[in-house]
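# Topology and contacts: notes
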Amino acid sequence: MPTKTYAGVEVPVDDEGYLTDSSRWNREVGQAIAEELGLELTDEHWKLIDFARSDYAERGQTPGLRRMAANTGVGMKDIYRLFPKGPGKLIAKVAGVPKPKSCI
Amino acid sequence: MSENSLKRISIICSKGSLDMAYPGLILANAARMSGIEAMLFFTFWGLDIVNEKKVDDLHLSVLGNPSMPIPAMIAGLPGVEHLATAQMKKEMEKLDIPSVREMLSILDDAGAELYACQLAMDMFKLERSDLVPQVREVISAMDFFDKTGDAQIIFI
């Protein structure tokens, strides 16, 4: 399994760059992944990232965007404004959780 | 880091039954979630999906559908289609799949482009005001190709 080093932490990733062990993540790692993806994180970004992590920890699966919008107060339009290059993938990547299975 | 080589998809929705509506809408949404541009072109019976009067009342196609676990003789009886549709809607609600109307609104928020076919509109005597607000424009088949650009086309 390939590994990558973010913020001095070596983390295992899959072929698409998603962390395969979400427990190795910390906020600095998330920040470094975001920088690699060309994202400048604001509080709104973190609201989504934090929810993706807590929901994954609770339910064992990455939430879809509709679920994120319903639970964070960040609307669907804003989700796309914050992660214009594909929020379904990018939020999961920065949050260190698997690619969501939900298509919605 | 794998990048999508697919940049844009163009989906033609030509059928108005519930089971033909969702695939196009969900594919388009998954594309937007992945950072792929998506446009939808509603034509012929597909116009029902964006028709204000019909969008909340799309039905399953029961008759002539070989995947339906209902014998054709029974499928044709009055009320069976309603029953099957209600049953499927209930199942979808359990899985938290949004209604068609909500899917259209999600797609619009996600930046997917929705277009309706002019010729089909004329055929069914529909006006722009008969369509849901998420439809950006009523366009011709030639406009469709202009807007599709070099996108992959999917016909449903």
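Preceding this section is the structure that the text describes.
Residues numbered from 1 in each chain as written. Chains lettered and ligands numbered in written order. Predicted model: local features only at pLDDT ≥ 70, side-chain atom pairs only at ≥ 80, totals over all residues. Heavy atoms only, no water.

## Topic: the overall build of chain B
Using the following cut-off: Here a strand is any run of E in DSSP of at least two residues, a helix any run of H or I of at least four, and the numbering for each starts at the N terminus. Note that the radius of gyration is over C-alpha atoms, with the globule rule given as 2.2 Å times the number of residues to the power 0.38. Every residue pair with non-hydrogen atoms within 4.5 Å of one another is taken to be in contact. The Shrake-Rupley method, run with a 1.4 Å probe sphere, supplies the accessible areas, and residue values consider only the shown protein chains as cover. Positive charges come from Lys and Arg alone, negative charges from Asp and Glu alone, with His and the N- and C-terminal ends not counted. By convention, charge coordinates are those of NZ in Lys, CZ in Arg, CG in Asp, or CD in Glu.
When its secondary structure is counted, chain B shows six helices and five strands. Against the 2.2 N^0.38 benchmark of 15 Å for 156 residues, chain B shows a C-alpha radius of gyration of 16 Å, consistent with a compact globule. Its C-alpha atoms give chain B principal-axis dimensions of about 45 × 45 × 25 Å. A sequence separation of at least 24 residues applies to 72% of the contacts in chain B between residues at least 6 apart. Surface accessibility of chain B: about 8,300 Å² in total, with carbon and sulfur atoms responsible for 59%. Of the charged side chains in chain B, 14 are positive and 22 negative, and the gap between their average positions amounts to 2 Å.

## With respect to the sheet that holds strand β1 (residues 8-13) of chain B
Residues and elements named next belong to chain B. Applied cut-off: When DSSP finds at least two bridges between two strands, those strands are taken to pair. To obtain an axis, a line is fitted to C-alpha atoms, over the contacting stretch when the element is a helix, and the angle between two such axes runs from 0 to 180 degrees between their N-to-C directions.
Sheet architecture is open: five strands sit in the order β4-β3-β2-β1-β5, paired in parallel fashion. Since the sheet does not close on itself, it has two edges, and those belong to β4 (135-139) and β5 (152-155), each with one partner. Neighbour-to-neighbour, the strand axes of the sheet open up by a mean angle of 25°, direction not taken into account. The sheet contact formed by strand β2 (residues 37-42) and strand β3 (residues 113-117) spans four bridges and is parallel. Opposite F41, over in β3, you have Y115 as the bridge partner.

## Comments concerning the interface of chain B and chain A
How big an interface is tends to be stated in terms of accessible area lost as the parts join. Under the convention used in this document: When two parts are put together, the accessible area they lose, computed with a 1.4 Å probe and summed over both, is reported as buried area. Salt bridge criterion: a side-chain nitrogen from Lys or Arg within 4 Å of a carboxyl oxygen from Asp or Glu. Polar contact criterion, stated in full: a pair of N or O atoms within 3.5 Å, where within protein one must be able to donate a hydrogen and the other to accept it, and residues adjacent in sequence count only if both atoms are side-chain atoms. Nonpolar residues are Ala, Val, Leu, Ile, Met, Phe, Trp, Tyr, Cys and Pro. Charged residues are Asp, Glu, Lys and Arg, and all others, Gly as well, are polar.
Contacts between the two partners involve 18 residues from chain B, matched on the other side by 21 residues from chain A. Of the roughly 1,600 Å² buried where chain B meets chain A, counting both sides, 59% is carbon and sulfur surface. Connecting chain B to chain A are one salt bridge. E102(B) is the salt-bridge partner of R66(A), the closest N and O atoms lying 2.7 Å from each other. Taken together, chain B and chain A are joined by four residue pairs in polar contact (both at pLDDT 80 or more). At the level of elements, α1 (18-33) and α4 (100-109) of chain B are the ones that each hand at least two residues to the side of chain B that touches chain A. Here the residues of the side of chain B that touches chain A are counted per class, giving nine nonpolar, five polar and four charged.

## Quick word on the state of the cysteines
All names here are of chain B. Our working definition: A pair of sulfur atoms, both from cysteines and within 2.5 Å, is called a disulfide here. Burial classification: accessible surface area is computed with a 1.4 Å probe over protein chains only, and a residue below 20% of its type maximum counts as buried, one above 50% as exposed, and the rest as partly exposed.
Applying the stated criterion to the full structure yields zero disulfides over all chains. With no disulfide partner, C13 has as its closest neighbouring cysteine sulfur the one in C117, 12 Å distant. Its relative accessible area of 1% is what places C13 among the buried residues.

## Re the pairing of β1(B)
All names here are of chain B. In terms of burial, β1 is largely enclosed, as six of its six residues are buried. The side-chain alternation of β1 yields two buried faces, one formed by R8, S10 and I12 and the other by I9, I11 and C13. Across six bridges, β1 lies against β2 in parallel orientation. Counted as the bridge partner of I9 is A38 from β2. Of the pairings in the sheet, the one linking β1 to β5 comprises four bridges and is parallel in character. Of the residues in β5, the one forming a bridge with I11 is I154.

## Some thoughts on the packing of aromatic side chains
Quick reminder of the rule: Stacked, tilted and edge-to-face are the three classes assigned to paired rings of Phe, Tyr and Trp, where Trp is represented by its six-membered ring and a pair needs centres within 6.5 Å; plane angles under 30 degrees give stacked, over 60 edge-to-face, the rest tilted. Lysine and arginine charges are scored as sitting over a ring when NZ or CZ, respectively, is within 6 Å of the ring centre and within 35 degrees of the ring normal.
One pass over the full model with this rule turns up four aromatic pairs over all chains. Through successive ring pairs, a cluster of aromatic residues spans F41(B), F144(B) and F145(B). Between the NZ or CZ atom of R27(A) and the centre of the ring of W46(A), over which it lies, the distance is 4.2 Å.

## Quick look at unusual backbone geometry
Despite not being glycine, A7(A) shows a phi value in the positive range, around 50°. Inspection of the secondary structure puts A7(A) in the loop between β1 (3-6) and β2 (9-12). By relative accessible area, which is 47% here, A7(A) ends up partly exposed. Although it is not a glycine, K125(B) adopts a positive phi angle of roughly 55°. With respect to the helices and strands, the residue K125(B) is situated in the loop between α5 (118-123) and β4.

## Details of the side chain of S14(B)
Residue and element names in this part refer to chain B. With respect to the helices and strands, S14 occurs in the loop between β1 and α1. For S14, a relative accessible area of 8% puts it in the buried group. Among residues more than four places away in sequence, those in contact with S14 are T43, F44, W45, G46, F155 and I156.

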